[in-house]
Amino acid sequence: MSKSIPIFPDSEADLTPETKCGFCANSKCCTYITQSIDTPRSKADFDLLLWQVSHENISLYQDSDGWFLLIDNPCAHLQPDGGCGIYDDRPQICRDYSNDFCEYDAPATEGFKRYFEDYESLLAYCKKRFKRWGR
Ligand code: SF4
Ligand code: SF4
């Protein structure tokens, strides 16, 4: 379990790059992974994605960098206090992640052009996108 109670600094000045993660309610950046995928174009492409988003905690989005699967699953190394259990040995992608403007500041969904959180939402899009959807 990660931290669940939001913590806010007494003043803006207390919020620095060094202290910010300590104030973060749920260490959101450690609770999912994303996987880049080829831009879906055909009915077959979307049919496959419908299968993928039918699985729990799998969603799909498009942002300015392209299309991605979003797998909501916390990292096994995330500690109850929100810290990293392998901090000194954490993977490079974790080291490279900047907290300059992250999910403490705004939900990532704000940067999404399209977001399909489940089968129903993607199916509705498919039916709009393809005049004849179905078999
Ligand atoms: S980088 Fe941002 S989302 Fe991640 S733990 Fe720090 S403040 Fe929270
Ligand atoms: S390895 Fe540590 S920093 Fe990286 S995602 Fe897991 S808990 Fe977060």
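Residues numbered from 1 in each chain as written. Chains lettered and ligands numbered in written order. Predicted model: local features only at pLDDT ≥ 70, side-chain atom pairs only at ≥ 80, totals over all residues. Heavy atoms only, no water.

So, about the side chain of D63. Structurally, D63 can be placed in strand β2 (residues 58-63). Although D63 is buried, it forms no salt bridge, and the closest oppositely charged side chain is K113 at an N-O distance of 7.4 Å. A polar contact is formed between the side chain of D63 and the backbone nitrogen of D65, at a distance of 2.7 Å. Residues contacting D63, with those up to four places away along its chain left out, are F68, G111, F112 and K113. (Helix = DSSP H or I, 4+ residues; strand = E, 2+ residues; numbered from the N terminus. Buried < 20%, exposed > 50% of the residue type's maximum accessible area, 1.4 Å probe, protein only. Lys, Arg positive; Asp, Glu negative; His and termini not counted. Salt bridge = Lys/Arg side-chain N within 4 Å of Asp/Glu carboxyl O. Polar contact = N/O pair within 3.5 Å; in protein donor to acceptor, adjacent residues only side chain to side chain. Contact = heavy atoms within 4.5 Å.)

Glancing now at the site of ligand 1. In the vicinity of ligand 1, the residues found are K20, C21, C24, S27, C29, Y97, N99, C102 and Y104. Tallied by class, residues from the shell around ligand 1 come to six nonpolar, two polar and one charged. (Near = heavy atom within 4 Å. Nonpolar A, V, L, I, M, F, W, Y, C, P; charged D, E, K, R; others polar.)

On to the environment of E18, then. Tracing the backbone through its elements, the reader meets E18 in the segment before α1 (20-23). Separated by 50 residues in sequence, E18 and F68 place their C-alpha atoms 30 Å apart.

The next subject is helix α2 (residues 43-53). Looking only at α2, the buried set comprises F46, L49, L50 and V53. Projection of α2 onto a plane perpendicular to its axis shows the buried side chains occupying an angular sector of 110°, all on one side. Turned more than 90 degrees away from the buried face of α2, the exposed residues are A44 and W51. The inward-facing, buried residues of α2 contact β1 (32-37), β2, β3 (66-72), β4 (114-116) and α4 (119-129). (Arc of directions from axis to C-beta.)

To continue, consider the packing of aromatic side chains. In this structure the tally under the stated criterion is nine aromatic pairs. Taking 5.8 Å as the distance between ring centres and 50° as the angle between the ring planes, the aromatic pair formed by F46 and Y125 counts as tilted. A residue pair is termed long-range when its members are at least 10 positions apart, and F46 in helix α2 and Y125 in helix α4 qualify at 79 residues. As far as burial versus exposure is concerned, F46 and Y125 are alike and both buried. (Phe/Tyr/Trp six-rings, centres within 6.5 Å; stacked < 30°, edge-to-face > 60°.)

Turning our attention to the sheet that holds β4. An order of β1-β3-β2-β4 is seen for the four strands of this open sheet, with the pairing classed as antiparallel. Where the open sheet ends on each side, the last strands, each with one partner, are β1 and β4. Averaged over all adjacent pairs, the angle separating strand axes in this sheet is 20°, with direction ignored. Across six bridges, β1 lies against β3 in antiparallel orientation. From the neighbouring strand, I37 faces β3, where its bridge partner is W67. (Pairing = 2+ DSSP bridges. Axes fitted to C-alpha atoms, helices over the stretch in contact; angles between N-to-C directions.)

In this section: the side chain of K20. For K20, the position within the fold is in helix α1. Overall, K20 belongs to the buried group, its relative accessible area being 6%. Looking at K20, its side chain comes within polar contact range of the main-chain oxygen of N99, at 2.5 Å. The contact partners of K20, leaving out residues within four places of it in the chain, are L15, N99, D100, F101, C102, Y104 and D105.

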